[in-house]
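Chain by chain, the residues run as shown.
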Amino acid sequence: MLSIQSVTKTYGKKDNKFTALDNVSADFEAGTTNAIIGKSGSGKSTMLHIMTGLDRPSSGDIKDGEASIFQKTDTDKWRGENVGIIFQSFFLQGNDSVVENVALPLKLKGVNRRARNKQAMEALEQVGLLDKAKNKAKDLSGGQKQRVAIARALVTKPKILVADEPTGNLDSENGAAVENLLFELNQKLGTTLLIVTHDLDLAKRCSRVIFLKDGQVKKDIAKKHHDEGEKNA
Ligand SMILES: Nc1ncnc2c1ncn2[C@@H]1O[C@H](COP(=O)(O)OP(=O)(O)O)[C@@H](O)[C@H]1O
Ligand SMILES: [Mg+2]
């Protein structure tokens, strides 16, 4: 279980002080699907950055099980081993090939070239992009780039997949394909999903929806059974 515990995040000092997250707490059970929704500026990205250790809270803590991701462990190592992150802007290396982009997290972990190529090709197969493996990343369409970013996030088989507006830059067809892929990973591998989205239909597919407003959790709605929720939706 991943927990965000009484996290407050402030930016700036004195007169310029701004509270982006205000005493946010939530537990995310392994294998669950979770949506975080809220207006622009409500603190969604800040919450994801802190929950993945990319940013530090001003107060409060993030725990993976019993252990703080900041105190006991090397945070970057923890992230590399446990978390896949899909950003809204894809952050691909345009001049590198698709397969090189996907293999990058494995390279950072010191996996040898042959093994990382094999795993990257498997991840590309999962997102339906095997035929583009040798292409330069910059030559792909928006939807294809997003799928490369997803392949790169899942190539390490993370137990937690975090996505910041994963369908925000996509047309409805590509968006639906990306969505289905995320939920497939949850069902097949038990990957915990944490998805920031503006898309209420996507949020409804999740077993849990957290509404943020002005850095605070305003609603936290968990469905008992996914199927039940779908019927009532
Ligand atoms: N590095 C920063 N310095 C100052 N303010 C920031 C910084 N990052 C985010 N903020 C502010 O914190 C608030 C929450 O931002 P963010 O988490 O990106 O919102 P969201 O993802 O919901 O649109 C916004 O008002 C934003 O301007
Ligand atoms: Mg954001």
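Structure: above.
Everything quoted here is computed from the prediction, not taken from an experiment. (Residues numbered from 1 in each chain as written. Chains lettered and ligands numbered in written order. Predicted model: local features only at pLDDT ≥ 70, side-chain atom pairs only at ≥ 80, totals over all residues. Heavy atoms only, no water.)

Participant: I'd love a proper account of the overall build of the chain, names of residues and values included.
Facilitator: Within the chain, the regular secondary structure consists of eight helices and ten strands. The C-alpha atoms of the chain give 18 Å as radius of gyration, which agrees with the globular expectation for 233 residues (17 Å, within 12%). Contacts in the chain between residues at least 24 apart in sequence constitute 65% of all its contacts with a sequence separation of at least 6. Surface accessibility of the chain: about 12,300 Å² in total, with carbon and sulfur atoms responsible for 46%. Averaging the locations of the 36 positively and 30 negatively charged side chains of the chain gives two centres separated by 4 Å. (Helix = DSSP H or I, 4+ residues; strand = E, 2+ residues; numbered from the N terminus. Rg over C-alpha atoms; globule rule 2.2 N^0.38 Å. Contact = heavy atoms within 4.5 Å. Areas by Shrake-Rupley, 256 points an atom, 1.4 Å probe, with all protein chains shown as cover. Lys, Arg positive; Asp, Glu negative; His and termini not counted. Charge placed at Lys NZ, Arg CZ, Asp CG, Glu CD.)

Participant: How would you sum up the site of ligand 1? Please name residues and give values.
Facilitator: If you check the shell around ligand 1, you find Tyr 11, Phe 18, Ala 20, Lys 39, Ser 40, Gly 41, Ser 42, Gly 43, Lys 44, Ser 45 and Thr 46 and nothing else. One nitrogen or oxygen atom from the side chain of Thr 46 is found 2.5 Å from an oxygen atom belonging to ligand 1. Within the complex, 57% of the 570 Å² of free accessible area of ligand 1 lies under protein. For the shell around ligand 1, the secondary structure elements donating two or more residues are strand S2 (18-28) and helix H1 (44-51). Of all the elements, H1 adds the most residues to the shell around ligand 1, at three residues. (Near = heavy atom within 4 Å. Polar contact = N/O pair within 3.5 Å; in protein donor to acceptor, adjacent residues only side chain to side chain.)

Participant: Describe the packing of aromatic side chains, with residues and values.
Facilitator: Scanning the model with the defined rule gives one aromatic pair in all. Sitting over the face of the ring of Phe 28, Arg 208 holds its NZ or CZ atom 5.0 Å from the ring centroid. The ring of Phe 211 has Lys 219 sitting right over it, with the charged end atom 4.8 Å from the ring centre. (Phe/Tyr/Trp six-rings, centres within 6.5 Å; stacked < 30°, edge-to-face > 60°. Lys NZ or Arg CZ within 6 Å of the ring centre and 35° of its normal.)

Participant: Give me the pattern of salt bridges: which residues, what numbers.
Facilitator: Opposite charge on two side chains permits pairing when their charged atoms draw close. Under the counting rule described, the total for this entry stands at eight salt bridges. Across the pair Asp 55 and Lys 9 runs a salt bridge, and its minimum N-O distance is 3.3 Å. Here Lys 9 lies in strand S1 (residues 2-11) and Asp 55 lies in the loop between H1 and strand S4 (59-64), a separation of 46 residues in the sequence. On the basis of relative accessibility, which here comes to 11%, the residue Lys 9 falls in the buried class. One salt bridge in this structure joins Asp 76 and Arg 79, with 3.2 Å as the shortest N-O distance. Taken together, the positions of Asp 76 and Arg 79, both in helix H2 (residues 75-82) and three residues apart, correspond to about one turn of that helix. The class for Arg 79 is buried, based on a relative accessible area of 13%. (Salt bridge = Lys/Arg side-chain N within 4 Å of Asp/Glu carboxyl O. Buried < 20%, exposed > 50% of the residue type's maximum accessible area, 1.4 Å probe, protein only.)

Participant: Give me the lowdown on the side chain of Thr 52, citing residues and values where you can.
Facilitator: On the secondary structure map, Thr 52 appears in the loop between H1 and S4. Judged by its relative accessible area of 2%, Thr 52 falls in the buried class. A distance of 2.8 Å separates a polar side-chain atom of Thr 52 from the backbone oxygen of Leu 48. When near neighbours in sequence (up to four residues on either side) are disregarded, Thr 52 contacts Ile 69, Trp 78, Arg 79, Val 83, Ile 85 and Val 162.

Participant: Outline the side chain of Thr 8, listing residues and values.
Facilitator: Along the chain, Thr 8 falls in strand S1. The residues touching Thr 8, leaving out its near neighbours within four places in the chain, are Thr 19, Leu 21, Asp 22, Asn 23, Pro 57, Ser 58 and Ser 59.

Participant: Quick rundown of the nonpolar core? Include the residues and the values.
Facilitator: The biggest cluster of nonpolar side chains holds 39 residues, and the ones touching the most others in it are Val 102, Leu 124 and Ile 195. Elements supplying a minimum of two residues to this core: strand S3 (33-37), helix H3 (98-108), helix H4 (113-126), helix H5 (142-154), strand S7 (160-164), helix H6 (172-189), strand S8 (192-196) and helix H7 (200-204). With six residues, the single largest contributor to this core is H5. Not counting residues within four places of it along the chain, the set of residues in contact with Val 102 comprises Ala 120, Ala 123, Leu 124, Val 148, Ala 151, Arg 152 and Val 155. Formed by 24 residues, the second largest nonpolar core is a distinct cluster that contains Ile 4, Val 24, Ile 36 and Ile 62. (Core = buried A, V, L, I, M, F, W, Y, C linked by side-chain atoms within 4.5 Å.)

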